[in-house]
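# Coordinate analysis (summary)
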Amino acid sequence: MPFETLNYPEDYDLVFHWYRLGYEIIVENTITHFWREHPKRTSRHVEDYQQEAFFRLKTSWFLELELGENEPLQLIGAGKKGKLVAAQLKEKGVAFSWFDMNAKLRSINTDIIEVNSLESIVPSVKTILTVWPTQRTQQDEVLVFLKEKGIVLGENAWLF
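Residues numbered from 1 in each chain as written. Predicted model: local features only at pLDDT ≥ 70, side-chain atom pairs only at ≥ 80, totals over all residues. Heavy atoms only, no water.

A separate point is the layout of surface pockets. Quantified by volume, the largest pocket comes out at close to 580 Å³. Lining the largest pocket are 20 residues, and of these Val15, Phe16, Tyr19, Ile25 and Trp158 sit closest to its centre. Breaking the lining of the largest pocket down by element, the ones donating at least two residues are helix H1 (10–20), helix H3 (51–65) and strand E5 (157–159). Here the lining of the largest pocket gets 5 residues from one element, more than from any other, and that element is H1. Among the residues forming the lining of the largest pocket, the class breakdown is 16 nonpolar, 1 polar and 3 charged. (1 Å grid on protein atoms, 1.4 Å probe; cavity = no way out; pocket = protein on both sides within 12 Å on 5 of 7 lines; lining within 4 Å. Points joined across faces, edges and corners; volume = space filled by probe spheres on them. Helix = DSSP H or I, 4+ residues; strand = E, 2+ residues; numbered from the N terminus. Nonpolar A, V, L, I, M, F, W, Y, C, P; charged D, E, K, R; others polar.)

Now for the pairing of strand E4 (residues 126–129). Remember that side chains alternate between the two faces of the sheet whenever the strand is regular. By the alternation rule, side chains of E4 split into Lys126 and Ile128 and Thr127 and Leu129, which are all buried. Judged from the 4 bridges that link them, strand E1 (residues 73–76) and E4 form a sheet pairing that is parallel. Bridge pairing in E4 links Leu73 to Lys126. Pairing of E4 with E5 involves 3 bridges; the strand directions are parallel. Bridge pairing in E5 places Leu129 opposite Leu159. Crossover E4 to E5 through helix H5 (residues 136–149) is right-handed. (Buried < 20%, exposed > 50% of the residue type's maximum accessible area, 1.4 Å probe, protein only. Pairing = 2+ DSSP bridges. Right-handed = clockwise from strand over helix to strand, strands pointing away.)

Taken as a class, soluble globular proteins show a tendency for nonpolar side chains to be buried jointly. Core analysis: the biggest nonpolar cluster contains 18 residues, and Phe62, Leu73, Leu75 and Leu89 have the highest contact counts within it. When residues of this core are traced back to their parent elements, those giving at least two are H3, E1 and helix H4 (80–91). Not counting residues within four places of it along the chain, the set of residues in contact with Leu73 comprises Phe62, Leu67, Leu89, Val94, Ala95, Phe96, Ser97, Val125, Lys126, Thr127 and Ile128. Formed by 10 residues, the second largest nonpolar core is a distinct cluster that contains Phe99, Leu118, Leu129 and Leu146. (Core = buried A, V, L, I, M, F, W, Y, C linked by side-chain atoms within 4.5 Å. Contact = heavy atoms within 4.5 Å.)

A cluster of nonpolar residues, Leu14, Val15, Trp18, Leu21, Tyr23 and Ile25, forms a patch on the protein surface that exposes about 590 Å² of accessible area. If you trace the backbone, Trp18 turns up in helix H1. (Patch = residues over 30% accessible without salt bridge, like charges linked within 9 Å, V, L, I, M, F, W, Y side chains within 5 Å. Areas by Shrake-Rupley, 256 points an atom, 1.4 Å probe, with all protein chains shown as cover. Salt bridge = Lys/Arg side-chain N within 4 Å of Asp/Glu carboxyl O.)

The next thing to look at is H3. Taking 1.5 Å of rise per residue, 15 residues should cover 21 Å, and H3 covers 21 Å from first to last C-alpha, within 8% of that figure. Among all positions in H3, only Ala53, Phe54, Phe55, Leu57, Lys58, Thr59, Trp61, Phe62 and Leu63 are buried. In the core, the buried residues of H3 are packed alongside H1, E1, H4, E4 and E5. (Expected span 1.5 Å × (residues − 1).)

Spelled out as structure tokens, the structure:
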């Protein structure tokens, strides 16, 4: 891969290149790498490593590798991450339906697109999920909801 085509954050970009080439990424429960964490490291201060850059990269790769031209798309999540992905999809001219897991957020006035009720989710439509709670019980609730709707992470849904 030539450096001219390198996208930042480069480690995420490399993993997407591997994915495109068919490599299987597996979880290893053994420590394989120690990370040196300090407040002055580049990834804390350079725009290329901030959340928007990660989501821009994920969104671009998702559109290239997973979503066909004119294929419908659903976005679940109207929080900070959901709004960021929605703005990037809109910027790229991608049509999508927008949903949120939190009823209080469904009435948010946004200049991007109307947030719809979860009842109108279509299981056969590819879905980006930007909601992943930190509490295990809430994660389980999200997984139960997805299962009830016929939405499977890695098959017809991707967690951003």
